[in-house]
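Fold and contact review
Here is what each chain is made of, one letter per residue.
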Amino acid sequence: MLDESLLDAPEALARADRRDLLRGAAEAGARVRTAARHAAEAGIGGLAPEGRPRAVLVAGPGTAASGVADLIGALAGAAAPVVRIHPTGVAPAPGALRWALPGWAGSVDLLLIATADGSEPGLALLAEQAYRRGCTVVAVSPTRSPLREAVDGVHGLVVPMASAPHGEYDAETSAAGPGTLWALLTPLLALLDRVGLVTAPPEELAKVADRLDRTAERCGPAIATYSNPAKTLAAELADSLPLLWTEGEAAGPVGRRFAAVLSELAGRPALTAELPEALPSHGTLLAGDFAAGADPDDFFRDRVEEGETLRARVVLLRDRPTGGLSAYPAARELALGHDTPVSELEPDEGSELEALAELLAITDFAAVYVALASRST
C-alpha cells in the first residue's frame, strides 16, 4: 500500500527519508558540474585521439554501472557497439565479483570502468588484463580507492568520482541513487565526446546540469502532487503493476533504469518493453489476471490472506515529441480498450541528452516517492 497523503507532507517525507534519497535526486545537477570539472582536471578535454574505438566495453557493479552502459549504448547509437561486461561471482560483494574481457577485445577497443566503491579487486584485475591486451582503460572511481591506486598512471586513466556536495549518502543508496549515476556517467560522456562517439561538450553538460536542477525544482518535496510530475506518477503507480512502454532511443534505457530503481529502492515490480514490440509482448497482461477488471469483487477471495491484487498500469515514456510514425496512438488504444489506466511522460524541447536527463530525473524522483510512501505504512 502507498500512503498518498504522505506525498504532500514534506516534513513527514523528510522523516521517512532516512537514506537521503530525495537529497540524492535533488543534487544530481551539482554532481554533473563537479564530475565535468573532475574530467577536465584529469585532462580529458585535452585528449587528441587518433580515431574512434572499434568497440566500447563497460564494466562495474550494480544498478549504476548497468545504467551507465545502457545509456552510453543509446547515445552512441551506430557509432560503435557498446558491450557491458557482466560480473560473475558467488555473491554481490566487492571481493567476490570478477570480470573478464571477451576474447576479441584488443588494442582498438576502449574499456570504461564505473564504480562507486573502488575496492573490487576484480576490476583491478580486469584493468591489468586490458592493459596486457593493449586496450585503452579509463575508470571513474572514488578518490581514495584501491582501484585508483592500481590503475591511475600505470594501466590507464582514472577520473575521481564526484562526491556529494554536502557529504556522502547512506551506503545503501550508492548503487541506485541518481547522484551516483551522474557522477559516474558524466566523465565518461566527456571522454566519448572527445573520441567522437557522443555529443557531450562542456556546454552541453552544463545544459544537462541546468535541466536536472529545473526538474528537481518541479519534483521537490515542497511541490504539491497536482503540479509535481514525479509525485503524480508515484501516486498513479499505487497498487499497480507498471508496464513501462518506451519510444525513442534514449527512452529505452530510462524505462529499464526506472524498473531497476523501483525494484531496488522501493521493492516494487515493473515490466519494461519498447514500442511497438511492447504491444504483443505485454498485451496479454491487459486481459489476464492483472487486468483492471479481473474479478475485483470475487466473492470467494480471501482479502485478509491475499491482500489487494496488483493491476496493470501502462506508463508511456518517450524521449521527445516524435514526428511521423509513432506507436503511441496504438498503445493508448490498446490500454484504454482494456480499461487499463495510462500515464504519459514526455520531456520538454532540448537536445537528446537534455531530454534523457529530464526523464531520468522525473522517474528517479518518482521511484523515491514510491519508496518513501510505501515504507511509511
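Above this note sits the structure.
The rules behind the values
- Residues numbered from 1 in each chain as written.
- Predicted model: local features only at pLDDT ≥ 70, side-chain atom pairs only at ≥ 80, totals over all residues.
- Heavy atoms only, no water.
- Helix = DSSP H or I, 4+ residues; strand = E, 2+ residues; numbered from the N terminus.
- Rg over C-alpha atoms; globule rule 2.2 N^0.38 Å.
- Buried < 20%, exposed > 50% of the residue type's maximum accessible area, 1.4 Å probe, protein only.
- Areas by Shrake-Rupley, 256 points an atom, 1.4 Å probe, with all protein chains shown as cover.
- Lys, Arg positive; Asp, Glu negative; His and termini not counted.
- Charge placed at Lys NZ, Arg CZ, Asp CG, Glu CD.
- Core = buried A, V, L, I, M, F, W, Y, C linked by side-chain atoms within 4.5 Å.
- Contact = heavy atoms within 4.5 Å.
- Pairing = 2+ DSSP bridges.
- Right-handed = clockwise from strand over helix to strand, strands pointing away.
- Axes fitted to C-alpha atoms, helices over the stretch in contact; angles between N-to-C directions.
- Expected span 1.5 Å × (residues − 1).
- 1 Å grid on protein atoms, 1.4 Å probe; cavity = no way out; pocket = protein on both sides within 12 Å on 5 of 7 lines; lining within 4 Å.
- Points joined across faces, edges and corners; volume = space filled by probe spheres on them.
- Nonpolar A, V, L, I, M, F, W, Y, C, P; charged D, E, K, R; others polar.
- Salt bridge = Lys/Arg side-chain N within 4 Å of Asp/Glu carboxyl O.
- Phe/Tyr/Trp six-rings, centres within 6.5 Å; stacked < 30°, edge-to-face > 60°.
- Lys NZ or Arg CZ within 6 Å of the ring centre and 35° of its normal.

What follows deals with the overall build of the protein chain. Each helix and strand in the protein chain was counted, giving 14 helices and nine strands. The C-alpha atoms of the protein chain give a radius of gyration of 21 Å, which matches the 21 Å a tight globule of 377 residues would have. Principal-axis analysis of the C-alpha atoms places the extent of the protein chain at approximately 70 × 45 × 45 Å. For the protein chain, the proportion of its 377 residues judged to be buried stands at 52%. Carbon together with sulfur atoms contributes 53% to the accessible area of the protein chain, which is approximately 16000 Å² in total. Each charge class in the protein chain can be summarised by its mean position, and for the 32 positive and 51 negative side chains these summaries are 5 Å apart.

By size, the foremost hydrophobic cluster in this structure holds 87 residues, and its most contacted members are Leu112, Trp182 and Leu192. A total of 16 residues in this core trace back to one element, the largest contributor, which is helix H14 (residues 352–375). When near neighbours in sequence (up to four residues on either side) are disregarded, tryptophan 182 contacts Ala28, Val32, Ala35, Pro187, Val208, Leu212, Leu356, Ala357 and Leu360. In this structure, Ile85, Leu111, Ile113 and Leu123 belong to the second largest nonpolar core, which totals 19 residues.

Moving on to the pairing of strand S7 (residues 271–274). Pairing of strand S6 (residues 240–247) with S7, which is carried by four bridges, proceeds in the parallel orientation. What sits directly across from tryptophan 245, in S7, is alanine 273. Crossover handedness for the path S6 to helix H10 (residues 251–266) to S7: right-handed.

Attention shifts here to the sheet that holds S7. In spatial order, the strands read S7-S6-S8-S9; together these four strands make up an open sheet with parallel pairing. Looking at strand neighbours, the two that pair on one side only are S7 and strand S9 (342–345), the edges of this open sheet. Strand-to-strand twist of the sheet, defined as the mean angle between neighbouring strand axes without regard to direction, takes the value 20 degrees. Strands S6, strand S8 (311–318) and S9 of the sheet are contacted by helix H9 (residues 229–236), whose axis makes an angle of about 155 degrees with S9. Sitting on the sheet, H10 touches S6, S7 and S8, and the angle it makes with S6 is about 160 degrees.

With that settled, consider helix H3 (residues 28–41). An α-helix turns once every 3.6 residues. As a result, residues three or four positions apart point the same way. End to end, H3 covers 20 Å across 14 residues, agreeing with the expected 20 Å (1.5 Å per residue, within 8%). Within the sequence span of H3, burial applies to Ala28, Gly29, Arg31, Val32, Thr34, Ala35, His38 and Ala39. Looking at the buried side of H3, the elements it contacts are helix H2 (21–26), strand S5 (157–160), helix H7 (178–194) and helix H8 (202–219). Glycine 43 sits one or two residues past H3 and shows a positive phi near 95 degrees.

It is worth spelling out the environment of leucine 7 at this point. Relative to the helices and strands, leucine 7 resides in the segment before helix H1 (10–16). Those residues in contact with leucine 7 that lie beyond four places of it in its chain are Leu2, Leu13, Pro221, Thr225, Lys231, Ala235, Tyr369 and Ala373.

Enumeration over the complete set of coordinates arrives at one cavity of 30 Å³ or more. Its volume calculated, the largest cavity comes out at about 30 Å³. Contributions of two or more residues to the lining of the largest cavity are made by H7 and H14. The leading source of residues in the lining of the largest cavity is H14, at four residues. Broken down by class, the residue content of the lining of the largest cavity amounts to eight nonpolar, no polar and one charged.

The subject of this paragraph is the pattern of salt bridges. According to the stated counting rule, one finds 19 salt bridges in the structure shown. When the shortest N-O distance is used, the salt bridge between arginine 211 and glutamate 354 registers 3.5 Å. Here the residue arginine 211 occupies a position in helix H8, and glutamate 354 occupies one in helix H14, the gap between them amounting to 143 residues. Here arginine 211 matches glutamate 354 in class, with each residue buried. Across the pair arginine 211 and glutamate 358 runs a salt bridge whose closest N-O atoms are separated by 2.6 Å.

Next up on the list: the packing of aromatic side chains. Counted by the stated rule, this structure contains one aromatic pair. Above the face of the tyrosine 328 ring, arginine 318 is positioned so that its terminal group lies 4.0 Å from the ring centre.

Space inside the second largest pocket adds up to approximately 330 Å³. Around the second largest pocket, the lining is made up of 17 residues, and of these Pro49, Gly51, Leu110, Thr136 and Val195 lie nearest the centre. By residue number, the principal contributor to the lining of the second largest pocket is strand S4 (residues 136–141), which donates three residues. For the lining of the second largest pocket, a count of residues per class yields 11 nonpolar, three polar and three charged.

Turning to the sheet that holds strand S2 (residues 82–85), a few remarks are in order. Each strand in a sheet pairs with its neighbour through backbone hydrogen bonds, running either in the same direction (parallel) or in the opposite one (antiparallel). The strand order across the open sheet formed by five strands is S2-S1-S3-S4-S5, and the pairing between neighbours is parallel. This sheet does not close on itself; its edge strands, each paired only once, are S2 and S5. Adjacent strand axes in the sheet meet at a mean angle of 20 degrees when their direction is disregarded. In this sheet, S4 lies alongside strand S3 (residues 110–114) in parallel orientation, the contact comprising five bridges. Paired with leucine 110 across the two strands is threonine 136, which belongs to S4. Helix H5 (residues 121–133) contacts strand S1 (56–59), S2, S3 and S4 of the sheet and is inclined by roughly 165 degrees relative to S3.

Shape is all these values report; function is a separate question.
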